[in-house]
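Examination of the molecular architecture
In case you want the letters, here they are:
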Amino acid sequence: MPVHKHVLDPGHMTCDDLHRVATEPVHIQINSNATQNIERSYETVQNAANGIQAVYGVNTGFGLLAKEKIEPADLRELQRNLVLSHAAGVGEDLPDDIVRLILILKVNSLARGYSGVSQNLIDTLIRFINGGVLPCVPAQGSVGASGDLAPLAHIAAALIGVGRVRIDGQEMDAAAGLAHLSLEPFELGPKEGLALLNGTQVSTALALSHGFDILDLLEIALLTGALSVDAIMGSDAPFDPRLHLVRGQEGQIHVATALRTLLQGSEIRSSHRACDRVQDPYSIRCQPQVMGAALDFIHFSFQRLIIEANAVSDNPIVFADDGAILSGGNFHAEPVAIAADAIAIAAAEIGALAERRIALLVDPTLSGLPAFLVPHGGLNSGFMIAQVTAAALASENKHLAQPASVDSLPTSANQEDHVSMATFAARRLGPLGDNLRRILTIEWLAAAQGIDFHKPHKTSAPLQDMMTVLRAQVPFYDKDRFFADDIGHAERLVRSGALKDIFHANIAEWPYP
């Protein structure tokens, strides 16, 4: 994949910018207009460090130890000790693409010129990004209160030559990573270690990266949901625009429009317009209401996350205009935690609805299709256990969707007496999204099987494209075979972006990233 260059205007990254840097290799450079603010903020901190007044994070201890004044000769050791002591993360390392996004978000924040760090520190972070030297960051250990302290400390440790890094997937000592970039271990100045550790960049990067995946899966769920409508010979009347306009929910209106578009021109639909079925089950006819609500809350969450990605979230914050260095709580990640919880709930509901459609498809009394979607039922079990797998995944997602933001455990000797749990709230979106992808994969297989039973009638052109993509890899399930292979082949197609391409080729007006 080609590396694209991104000129970062600190504090002004758009959703498109964030999506690009989260999903593609990038080389970063800072807009030259940012330099003056960075330098003025840095000078303000240097003046405070050389003064006699105690300024938190500059010449004092941290947390409960904030009352301890540190001598000028010890200020650099103070910052180094902070990084080393706080690098206490555990568990598996975060994926490299997440770490790269964390670094970019940290640069975006520091370069706004309110953190008091040197241009040299920001340039060093950029060297790590552009050189592909990515610190090994354990996933566990942050409660999202005074920023993502432990994981960000592992990033800061790599800058000073401590810990481990990866280059093109190969792990090595951080010192070797510095040598690869022709850099010496960075000597942290006053407040620089604290500025690296304080901040919500880890939880925000996790929420953005996994959130983008879940938004893609919502679009795929509209495709598989539409295919299921045709597979059970359902009605498109519940997607009539008048129904949704009188309610006025924006997401609902967009979902109904998309479903109408995807089903338009279906021969299967035309073949049963005179049937005596009055209503379809909720998993079919209430898709606009459920999926629209999910879409609205994901959209709301992204608005919060975009703000946070551009935020100054360390502490204290430096205002060079009047020399004020103010200690507050911008590092508290509650906005990220609640946004991630909303995405989790939305994703769980998308999966729950899809699983109900799978259950409908395999039930001959409701779908009108052969039992478990296979000829010669009894001899063949067909999709019986595939539906059970979807049910297991949907149930697991209900547990993963339990809000993390309502939990809090005091830390740092009760100085940090309320915490957000944002990092876990965001991190759990990864396995939740994986489960959702597999539920939708099974629905695609099941709905396609149902469509094939209606031959020679065809579904709509967009949905027929879905059939063509799937059947090139997975044939009609005419008798029992090793089912896991079918799921694996179909899931790889979902991951390839083939369904996302079909969606956007047919849904022209879709006001979401």
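See the structure printed just above.
Residues numbered from 1 in each chain as written. Predicted model: local features only at pLDDT ≥ 70, side-chain atom pairs only at ≥ 80, totals over all residues. Heavy atoms only, no water.

To continue, consider the overall build of the chain. Counting its secondary structure elements, the chain contains 22 helices and 9 strands. In terms of overall dimensions, the chain is globule-like: its C-alpha atoms have a radius of gyration of 26 Å, near the 24 Å expected for 513 residues. The principal-axis extents of the C-alpha atoms in the chain amount to approximately 85 × 50 × 40 Å. In the structure as shown, the chain presents an accessible area of about 21,200 Å², 53% of it carried by carbon and sulfur atoms. Of the side-chain charges in the chain, 37 are positive and 57 negative, and the distance between the mean point of each set is 5 Å. (Helix = DSSP H or I, 4+ residues; strand = E, 2+ residues; numbered from the N terminus. Rg over C-alpha atoms; globule rule 2.2 N^0.38 Å. Areas by Shrake-Rupley, 256 points an atom, 1.4 Å probe, with all protein chains shown as cover. Lys, Arg positive; Asp, Glu negative; His and termini not counted. Charge placed at Lys NZ, Arg CZ, Asp CG, Glu CD.)

What follows deals with empty space enclosed by the protein. Taken as a whole, this structure holds 1 cavity of 30 Å³ or more when the rule is applied. Counted as a void, the largest cavity has a volume near 40 Å³. Forming the walls of the largest cavity are Lys106, Leu125, Leu152, Ile155, Ala156 and Leu196. Sorting elements by how many residues they give to the lining of the largest cavity places helix 6 (residues 149-159) first, with 3 residues. Partitioned by chemical class, the residues of the lining of the largest cavity number 5 nonpolar, no polar and 1 charged. (1 Å grid on protein atoms, 1.4 Å probe; cavity = no way out; pocket = protein on both sides within 12 Å on 5 of 7 lines; lining within 4 Å. Points joined across faces, edges and corners; volume = space filled by probe spheres on them. Nonpolar A, V, L, I, M, F, W, Y, C, P; charged D, E, K, R; others polar.)

Take unusual backbone geometry next. Peptide bonds are, in most cases, trans, and in most cases residues other than glycine have a negative phi. Cis geometry marks the peptide bond from asparagine 315 to proline 316, where omega comes out at -5°. With respect to the element layout, proline 316 can be found in the loop between helix 14 (287-309) and strand 8 (317-319). In the segment running from lysine 455 into proline 456, the intervening peptide bond is cis, with an omega of 15°. One non-glycine residue with positive phi stands out, namely aspartate 168, at about 50°. Counting through the fold element by element, aspartate 168 comes out in the loop between strand 6 (164-167) and strand 7 (170-173). Of the residues examined, aspartate 168 reaches a relative accessible area of 80% and is grouped as exposed. (Buried < 20%, exposed > 50% of the residue type's maximum accessible area, 1.4 Å probe, protein only.)

Before going further, it helps to examine the pairing of strand 7. Alignment of strand 6 against strand 7, held across 4 bridges, turns out to be antiparallel. Looking at strand 7, one finds that valine 165 is bridged to methionine 172. The hairpin turn running from strand 6 into strand 7, its antiparallel successor, is 2 residues long, and aspartate 168 in that turn takes a positive phi close to 50°. (Pairing = 2+ DSSP bridges.)

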